[in-house]
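Next come the chains, spelled out residue by residue.
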Amino acid sequence: MIEITVRTLIISLSSTLLGTAIAVPVGGLISFREFRGKRTLMYLVQTLYAVPTVIIGLFLFLLISSAGPFGSLRLLFTSTGMIIGQTLLILPILVGLTVAALEGLDLGLRESLVSLGATGLQQLLLLLREARFALLAAVALGFGRAISEVGVAIMVGGNIRGFTRVLTTAISLETSMGNVSLSIALGIILLALALVVNFGVNLLQGGGRA
Amino acid sequence: MIRCEGIGWSVGGKTVLDDISLEVERGEVFGLIGPSGSGKSSLIRIMDLLVPPSQGRLWIDTIEVTAGRADLIALRRRMAMVFQRPAVFSSDVYRNVAIGLGLRGEAASTARPRVEEALDRVGLTGFGPRRASTLSGGELQRVAIARAIVTRPEVLFLDEPTANLDPLSTQVIEGVVRRVRSDLGTTIVMATHNLDQGQRLCDRMAVMAAGRLMQTGTPLEVFYQPRTKEVAQFVGAENLVEGTVERMDRGVAFVRINGAILRVAVHSPVGGQVTVAIRPEEIVLSRDDGCRTKVPDHLTGRIVSVDADGPLVRVHLDCGFPLVALIRRLTFLALSLAPGQIVCAEFDPNGAHLIARA
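Residues numbered from 1 in each chain as written. Chains lettered and ligands numbered in written order. Predicted model: local features only at pLDDT ≥ 70, side-chain atom pairs only at ≥ 80, totals over all residues. Heavy atoms only, no water.

In this section: the pattern of salt bridges. Residues and elements named next belong to chain B. Under the criterion given, the structure shown has 27 salt bridges over all chains. In this structure, Glu 28 and Arg 204 form a salt bridge, with 2.9 Å as the shortest nitrogen-oxygen distance. Taken as a pair, Glu 28 in the loop between strand E2 (14-24) and strand E3 (29-33) and Arg 204 in strand E9 (residues 204-209) lie far apart in primary sequence, 176 residues in all. Residues joined in a network through salt bridges with shared partners are Arg 26, Asp 61, Arg 78 and Glu 154. (Salt bridge = Lys/Arg side-chain N within 4 Å of Asp/Glu carboxyl O. Helix = DSSP H or I, 4+ residues; strand = E, 2+ residues; numbered from the N terminus.)

This is the structure in structure tokens:
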């Protein structure tokens, strides 16, 4: 059980970190630049918030299965494959909420920075810093979606014992095998993890705002 | 220091600024005065290089910005702007003031005394550790000024710096602006819709209306020699009366208005059809029985209505055209004036001004 929990945390934290590393610059760029189709792009991103996990799983499966274009990378049924899948899954939420966090700031802040002679990069860094609490909430939400999903984990990971089995796939398997008490125990661990993450985020936000 | 030549700006097909040409001298306080929507804020944003103009040429110092290739960030760092609504970061006052220095890579050790000096200058000594979100509007605006002057800009732009503030905070901000000017010799360009503020602070001002520059001059010139009807109305010369110049004599024009011949001091020869701009406080009223002459040198009118205006009284006359006089309440009572009465209205030749009619 501990082994499954640790693996779950490693995979979900990795995908959250990777997703954040991609989403923050991309979201910053979308927020800073005015371009045609920006609104359409944001609608699309927001629609993808709710993309079913099995669709991402299927999509990735087709890409990385041995017959797919990336088959030679041998990512199917590996934790790396699961991290990629979960990253794709939460990327829309992270990008969308990064843009929302930046656009939620006082417009005058950016203008003040420009008038003080800030370069584009300096503007982005200072504004991200200013939006840090909203960003943190976005990251927590992304992590929550990553750790709780089953679709990618089962289709890309394959629920291989000791290798790609995580809390959600283990619960699903144990329940179908009739081991309900084990499922409940695993479920409690999953809930506890979510609780700890949320509590931590709230603590950080509260501490910063006081 | 700043030169605009035929600057125009339009957004979404709407012309906001039209053919603005002006020059701000180094070290002066230059006011952009005009009602809301006259384009002052847009012009000040163009001069601070926040938005590029749609037409025209702009020079900062000797560098033509509109020629392209100018290093905008380097130029912006020689200037600073205080906005109507101060935007502060959710940190302490010190960090907010120090931002400009941080952007320039200034070391923390040399930044500290400069931030403290800037806070002293705006009267916020010791405010450094306070959280910006706990300050009042007037204090925030002073933080914004400190943030702007901490980098010792050559030009300081102020966009309606007191529009959202109470009279006391306004007074404080005006004091700060005066001190920045006298201590640092900074060139200041300020936009304001408040004429009195423009008069108090500015060496020269440009009156704007509907995106056009109506007149540039010292406050005195703008107040007493408005060049167009719009400016005259804006600076409070609310009586605009049509007349014809009969003759000129040593700096005085004799103007025929409604059968009367009135004298108006002029600075340059005028003739023909004119508009006489008369400030209401320059008009003197007297009872009609005292002033009967053959060719009247005064206006005669019937009192239409009377409004209280603090210690003054605003008397609306019908002289064949509407005329407003602003007189002291005690004078009003001493003359025992009332609506319906016929009175004489006179004014000092220097209290009126002629505008050539196009």
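This is not the end of the story, as more comes after the structure.
Looking now at a nonpolar patch on the surface. A cluster of nonpolar residues, Phe35(A), Leu41(A), Leu44(A) and Leu48(A), forms a patch on the protein surface that exposes about 320 Å² of accessible area. Here Leu44(A) lies in helix H2 (residues 38-48). (Patch = residues over 30% accessible without salt bridge, like charges linked within 9 Å, V, L, I, M, F, W, Y side chains within 5 Å. Areas by Shrake-Rupley, 256 points an atom, 1.4 Å probe, with all protein chains shown as cover.)

All names here are of chain A. Between helix H3 (residues 53-64) and helix H4 (residues 79-103), the least distance of the axes is 10 Å, while the angle of their chain directions is 130°. Of the possible angle classes, the one that applies to H3 and H4 is oblique. Judged by the twist between their axes, the crossing of H3 over H4 is right-handed. Mapping the contact onto sequence places Thr 53, Ile 56, Phe 59 and Leu 60 in H3 and Gly 81, Ile 84, Gly 85, Leu 88 and Leu 89 in H4. The class makeup of the residues in the contact of H3 with H4 is six nonpolar, three polar and no charged. (Axes fitted to C-alpha atoms, helices over the stretch in contact; angles between N-to-C directions. Parallel < 35°, antiparallel > 145°, perpendicular 65-115°, else oblique. Left-handed = near helix turned anticlockwise from the far one by under 90°. Contact = heavy atoms within 4.5 Å. Nonpolar A, V, L, I, M, F, W, Y, C, P; charged D, E, K, R; others polar.)

Before going further, it helps to spend a moment on the side chain of Arg165(A). Residues and elements named next belong to chain A. With respect to the element layout, Arg 165 can be found in the loop between helix H8 (151-157) and helix H9 (167-176). No salt bridge is formed by the buried Arg 165; the nearest opposite charge belongs to Glu 174, separated by 4.6 Å. Within the local environment of Arg 165, its side chain forms a polar contact with the side chain of Asn 159, the two groups lying 2.9 Å apart. With residues near it in sequence (within four places) discarded, Arg 165 still touches Ile 4, Arg 7, Asn 159, Ile 160, Ala 170 and Leu 173. (Buried < 20%, exposed > 50% of the residue type's maximum accessible area, 1.4 Å probe, protein only. Lys, Arg positive; Asp, Glu negative; His and termini not counted. Polar contact = N/O pair within 3.5 Å; in protein donor to acceptor, adjacent residues only side chain to side chain.)

So, on to the packing of aromatic side chains. Residues and elements named next belong to chain B. The full count for this structure, using the stated rule, is zero aromatic pairs over all chains. The side chain of Arg 3 reaches across the aromatic face of Trp 59, ending 4.1 Å from its centre. Sitting over the ring of Phe 254, Arg 247 keeps its end group 4.0 Å from the ring centre. (Phe/Tyr/Trp six-rings, centres within 6.5 Å; stacked < 30°, edge-to-face > 60°. Lys NZ or Arg CZ within 6 Å of the ring centre and 35° of its normal.)

Residues and elements named next belong to chain B. Under the 1.5 Å per step criterion, the end-to-end length of helix H4 (residues 108-121) is 20 Å for 14 residues, consistent within 8% with the ideal 20 Å. For H4, the full list of buried residues reads Ala 111, Val 115, Ala 118, Leu 119 and Arg 121. Projection of H4 onto a plane perpendicular to its axis shows the buried side chains occupying an angular sector of 150°, all on one side. Just downstream of H4, Gly 123 is the residue with a positive phi angle, here 75°. (Expected span 1.5 Å × (residues − 1). Arc of directions from axis to C-beta.)

Taken together, the contact between chain B and chain A spans 22 residues of the former and 20 residues of the latter. At the boundary of chain B with chain A, total buried surface from both sides reaches about 1900 Å², with 55% on carbon and sulfur atoms. For chain B, the biggest contributors to the area lost against chain A are Ala87(B), Phe89(B) and Leu103(B); these three give 30% of the whole. There are two salt bridges connecting chain B and chain A. Taking the shortest distance from any N to any O, the salt bridge between Asp106(A) and Arg85(B) comes out at 3.2 Å. Inspection of the chain B/chain A interface yields seven residue pairs in polar contact (both at pLDDT 80 or more). Listing elements by their share of the side of chain B that touches chain A, those giving two or more residues are helix H2 (72-76), strand E6 (79-82) and helix H3 (93-103) of chain B. In terms of residue count, H3(B) provides more of the side of chain B that touches chain A than any other element does, four residues in total. For the side of chain B that touches chain A, a count of residues per class yields eleven nonpolar, two polar and nine charged. (Buried area = accessible area lost by both parts, 1.4 Å probe.)

All names here are of chain B. By size, the foremost hydrophobic cluster in this structure holds 37 residues, and its most contacted members are Val 97, Val 115 and Leu 156. Elements with a minimum of two residues in this core: E6, H3, H4, helix H5 (137-149), strand E7 (155-159), helix H6 (167-184) and strand E8 (187-192). Broken down by element, the residue count for this core peaks at seven residues, all from H5. For Val 97, the residues in contact, after removing those within four places along its chain, are Val 115, Ala 118, Leu 119, Val 143, Ala 146, Arg 147 and Val 150. Core analysis: the second largest hydrophobic core is formed by 32 residues, Met 1, Val 16, Val 24 and Met 208 among them. (Core = buried A, V, L, I, M, F, W, Y, C linked by side-chain atoms within 4.5 Å.)

Here the focus is unusual backbone geometry. Trans is the prevailing form of peptide bonds, just as negative phi is the prevailing case for residues other than glycine. Residues other than glycine seldom take positive phi values, yet Phe77(A) does so here, at roughly 60°. Along the chain, the position of Phe77(A) falls in the loop between H3 and H4. For Phe77(A), a relative accessible area of 34% corresponds to the partly exposed category. One non-glycine residue, Ala210(B), lies in positive phi territory at about 50°. Looking at the element boundaries, Ala210(B) is found in the loop between E9 and strand E10 (212-217). On the accessibility criterion, Ala210(B) (69% relative accessible area) is exposed.

Another point: the sheet that holds E2(B). Residues and elements named next belong to chain B. Strand order in the open sheet formed by four strands is E2-E1-E4-E5, with antiparallel pairing between adjacent strands. The open sheet is flanked by E2 and strand E5 (63-64), the only strands paired with a single partner. Relative to strand E4 (residues 55-60), strand E1 (residues 2-11) is paired through five bridges, and the arrangement is antiparallel. When the bridges of E4 are listed, Arg 3 appears paired with Trp 59. (Pairing = 2+ DSSP bridges.)

Any region with low pLDDT has predicted coordinates that should not be read closely. Residues at a pLDDT of 70 or more form 97% of chain B, whose mean pLDDT is 91. This complex was scored by the predictor with a pTM of 0.84 and an ipTM of 0.82. (pLDDT = per-residue confidence, 0-100.)

A few words on the sheet that holds strand E14 (residues 272-278) of chain B. Residue and element names in this part refer to chain B. The strand order across the open sheet built from five strands is E13-E12-E11-E14-E20, with neighbouring strands paired in antiparallel fashion. Because the sheet does not close on itself, it has two edges, and the strands there are strand E13 (260-265) and strand E20 (352-356). Ignoring which end each strand starts from, the neighbouring axes of this sheet average 45° apart. Here strand E11 (residues 239-249) pairs with strand E12 (residues 252-257) via five bridges, running antiparallel. Note that in E12 the partner of Thr 244 across the bridge is Arg 256.

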